[in-house]
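# Architecture and fold: a report
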Amino acid sequence: MKFNWGHGIVVVIVAGVLGLLSLMFITTRQRIDMVTDDYYPKELKYEDQISKIKNYKALAKKVTVEQKGGVLITFPDNIADADDIKGSVHLYRPSDKSLDIEMPVKLNEAYRMLLPLEAFKKGKYEVIIEWQANGQPYLTRQVLYID
């Protein structure tokens, strides 16, 4: 049997169809997590977020997030008493929604909040802190890499 142009065309078409089918199989097995399930209502409140971010940028002291024996979040101590600061901390994991962590702000007398490292997997987290002090709302976002 001799190999000719007809055989080559059939081989290319079969290889292309197999490539497309394998690509389709791989992409349908890929998990896609949205940032949030209720993105539309949150988008309507985006102006509120902008004003909270402006309030935060106007602060003299900023919130710090660092990895020291855990995830240490330090709030400014010149705004209100530690007991008067209320809000939530959301640790968003872009690669896997099931690893997201959300908890209320609970500060000690040194305006600090320590989260144990055992609660985290290695990788990138976005720390989103939404809080209020003296009736003024604030919002900050920081990136944290867990080793």
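Before any of the text, the structure's been laid out above.
All values reported here derive from a predicted model rather than from experimental measurement. (Residues numbered from 1 in each chain as written. Predicted model: local features only at pLDDT ≥ 70, side-chain atom pairs only at ≥ 80, totals over all residues. Heavy atoms only, no water.)

## Here's the deal with the side chain of Arg93
Turning to its location among the elements, Arg93 is positioned in the loop between strand E3 (86-92) and strand E4 (101-104). Within the structure, Arg93 has its side chain in polar contact with the side chain of Ser95 (distance 3.1 Å). A distance of 2.9 Å separates a polar atom in the side chain of Arg93 from the backbone oxygen of Lys122. Those residues in contact with Arg93 that sit more than four places away from it in its chain are Leu99, Asp100, Lys121, Lys122, Gly123, Lys124 and Tyr125. (Helix = DSSP H or I, 4+ residues; strand = E, 2+ residues; numbered from the N terminus. Polar contact = N/O pair within 3.5 Å; in protein donor to acceptor, adjacent residues only side chain to side chain. Contact = heavy atoms within 4.5 Å.)

## Some details on helix H3 (residues 46-57)
Compared with the 16 Å implied by 1.5 Å per residue over 12 residues, the 17 Å span of H3 between its first and last C-alpha is a close match. Turning to H3, its buried residues number three or more, namely Gln49, Lys52 and Tyr56. All buried residues of H3 fall inside an arc of 60° around its axis, so they share one side. Away from its buried face by more than 90 degrees, H3 exposes Glu47, Lys54 and Lys57. Packed against the buried residues of H3 are strand E6 (123-133) and strand E7 (136-146). (Expected span 1.5 Å × (residues − 1). Buried < 20%, exposed > 50% of the residue type's maximum accessible area, 1.4 Å probe, protein only. Arc of directions from axis to C-beta.)

## Looking at the sheet that holds E7
Taken together, the 4 strands give an open sheet; going across it, the order is E4-E3-E6-E7, and neighbouring strands pair in antiparallel fashion. A single partner strand is all that each edge strand has here, and the edge strands are E4 and E7. Across the sheet, the axes of successive neighbouring strands diverge by a mean angle of 15°, strand direction being ignored. Strands E6 and E7 of the sheet are contacted by H3, whose axis makes an angle of about 80° with E7. (Pairing = 2+ DSSP bridges. Axes fitted to C-alpha atoms, helices over the stretch in contact; angles between N-to-C directions.)

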